[in-house]
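Spelled out from the first residue to the last, the chains are:
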Amino acid sequence: MILAQESAESAERDGAPTDDPSPGSDDQSDANVEAGRHDPDAMHALAIDRAALQVLKEEAERELSLRRAQASKSDGRPAESVQPASGNAAPGRRPQASGRSISEPGRGGWVHAVLPLLLMMAALVGLLVAIYLRAPEISHTYPNTEGPLQSYLEAANAFLDWLNGMPDR
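Computed from a predicted model, the values in this text were never measured in an experiment.

About the criteria used
- Within any chain, residue numbers begin from 1 and follow the written order of that chain's sequence.
- Per-residue local features are limited, in this predicted model, to residues with pLDDT of at least 70; the limit for side-chain atom pairs, both in listing and counting, is 80 or more; totals at the level of whole chains, interfaces and linings are taken over all residues.
- Side-chain numbers here rest on the full set of heavy atoms in the structure, without hydrogens or water.
- For helices the rule is a DSSP run of H or I covering at least 4 residues; for strands it is a run of E covering at least 2, with both sets numbered from the N terminus onward.
- Relative accessible area decides the class of each residue, using a 1.4 Å probe on protein chains only: under 20% of the type maximum gives buried, over 50% gives exposed, and in between gives partly exposed.
- Note that accessible areas follow from Shrake-Rupley with a 1.4 Å probe, and for residues the cover is restricted to the protein chains shown.
- By definition here, a salt bridge exists when the distance from a side-chain nitrogen of Lys or Arg to a carboxyl oxygen of Asp or Glu is within 4 Å.
- Here a polar contact is recorded for every N or O atom pair within 3.5 Å, except that within protein the pair must consist of a potential hydrogen donor and a potential acceptor, and residues adjacent in sequence are included only if both atoms are side-chain atoms.
- The pLDDT value tells you how sure the predictor is about a given residue, anywhere from 0 up to 100.
- Any two residues whose heavy atoms approach within 4.5 Å at even a single point are treated as in contact.
- Like charges within 9 Å and nonpolar side chains (Val, Leu, Ile, Met, Phe, Trp, Tyr) within 5 Å are joined into patches, using only residues over 30% in relative accessible area that form no salt bridge.

A.B. asks: Please provide a residue-by-residue account of the overall build of the chain, values included.
C.D. replies: When you go through the chain residue by residue, the secondary structure sums to six helices and zero strands. Going residue by residue from the N terminus, the α and β elements of the chain occur as α-α-α-α-α-α. The burial tally for the chain puts 13% of its 169 residues in the buried class. Accessible surface, the chain: about 13,300 Å² in total, of which carbon and sulfur atoms supply 59%.

Structural data, given as structure tokens:
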């Protein structure tokens, strides 16, 4: 009993709460409890750790409730009203729900995967057409490119002839 009184007196001097940790709590070990009873600084640190743990639990509950609300909105089910777990969080830190859901079925993945591919293919075709149209000027400016450009022009002409023959089939 004397040990508990000394602990309570030292906690009051340091400004820490006087309640002793529960013997079965999962956020600290027996060694920490024993150290806290003998060391006033350790007792103060335990009180701060408990306060931080409580804030983290509240934030996790709030985040979970917001994610459940967003998931129910995207599923088409009516969303229940979501209240934050605690009202003491700063308004600037609360996540704001946007008007657009996280994943829109049928559009999001396909557009984001195919659009860059189509743009790269269009740029490549534009480059090849520009080389085809400017081949005489390129070979005059860079004489070493005359042989490869001639091969490219022959291949492009063969491809164009093949395309012209397609409607006749």
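From this point, the discussion proceeds with the structure in view.
A.B. asks: Go over the pattern of salt bridges, please, and point to the residues and values.
C.D. replies: The tally for this structure, following the rule as stated, stands at three salt bridges. When the shortest N-O distance is used, the salt bridge between glutamate 59 and arginine 62 registers 2.5 Å. Pair noted here: glutamate 59 and arginine 62 are both in helix α3 (residues 40–75), with a separation of three residues, about one helical turn. Overall, arginine 62 belongs to the buried group, its relative accessible area being 4%. For arginine 67, the salt bridge is made with glutamate 63, and the minimal N-O distance between the two is 2.9 Å. Taken together, the residues span about one helical turn, with arginine 67 and glutamate 63 both in helix α3 at a distance of four residues. For arginine 67, a relative accessible area of 55% puts it in the exposed group.

A.B. asks: Outline the side chain of serine 72, supporting the account with residue identities and numerical values.
C.D. replies: Take serine 72: it is sitting in helix α3. Among the residues examined, serine 72 registers a relative accessible area of 6% and is labelled buried. A polar atom in the side chain of serine 72 sits 2.8 Å from the backbone oxygen of alanine 69.

A.B. asks: So, the confidence of the model for the chain: which residues are in play, and what are the values?
C.D. replies: Taken residue by residue, the chain gives an average pLDDT of 74. The fraction at 70 or more is 56%. The low-confidence segment residues 21–25 (pLDDT under 50) makes five contacts with residues lying over four places distant or belonging to another chain.

A.B. asks: So what's going on with a nonpolar patch on the surface? Which residues, and what values?
C.D. replies: Together, Phe159, Leu160, Trp162, Leu163 and Met166 line one region of the surface with nonpolar side chains, adding up to about 470 Å² of accessible area. Secondary-structure assignment places leucine 163 in helix α6 (residues 146–165). What makes leucine 163 partly exposed here is its relative accessible area of 38%.

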